[in-house]
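One-letter residues, chain by chain:
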Amino acid sequence: MLIVAVLMLIVSGICWAIGSSNGNYQLAHRGRADVFVSFAGAILAGAGVAWLNWLITIGNQL
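Examined against the element boundaries, Q26 turns out to sit in helix 2 (residues 25–61). A relative accessible area of 67% means that Q26 is categorised as exposed. Spatially, the C-alpha atoms of Q26 and F36 are 16 Å apart, while their sequence positions differ by ten residues.

Structure follows, in structure tokens:
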């Protein structure tokens, strides 16, 4: 999931840049929104792994 989020971040950033440079505000807005969504997805994917590892550690101590 993290790899897909990073690839989506790259593609969305390219769309944002192309839309901004060509004056296509709809493409720029969509690219900007997708950049934020993919960034949040990458954060949640990383945090999910860290949380699961923490839960496994707590479970072993019980």
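On to the pattern of salt bridges, then. One pass over the full model with this rule turns up one salt bridge. Between D34 and R30 there is a salt bridge, with the nearest N and O atoms lying 3.7 Å from each other. Of this pair, D34 and R30 are both found in helix 2, four residues apart, which corresponds to roughly one turn of the helix.

Compared with an ideal rise of 1.5 Å per residue, which puts 21 residues at 30 Å, helix 1 (residues 2–22) spans 30 Å between its outermost C-alpha atoms and is within 8% of the ideal. Where helix 1 is buried, its residues contact helix 2.

This part is about a nonpolar patch on the surface. Taken together, the side chains of L2, I3, V6, L7, I10, I14, I18 and L27 make up a nonpolar region of the molecular surface, amounting to roughly 710 Å² of accessible area. The greatest single-element share of the nonpolar patch, amounting to seven residues, is contributed by helix 1. Mapped onto the elements, I3 comes out in helix 1. Accessibility expressed as a relative area gives 65% for I3, which makes it exposed.

Conventions adopted
Residues numbered from 1 in each chain as written. Predicted model: local features only at pLDDT ≥ 70, side-chain atom pairs only at ≥ 80, totals over all residues. Heavy atoms only, no water. Helix = DSSP H or I, 4+ residues; strand = E, 2+ residues; numbered from the N terminus. Buried < 20%, exposed > 50% of the residue type's maximum accessible area, 1.4 Å probe, protein only. Salt bridge = Lys/Arg side-chain N within 4 Å of Asp/Glu carboxyl O. Expected span 1.5 Å × (residues − 1). Contact = heavy atoms within 4.5 Å. Patch = residues over 30% accessible without salt bridge, like charges linked within 9 Å, V, L, I, M, F, W, Y side chains within 5 Å. Areas by Shrake-Rupley, 256 points an atom, 1.4 Å probe, with all protein chains shown as cover.

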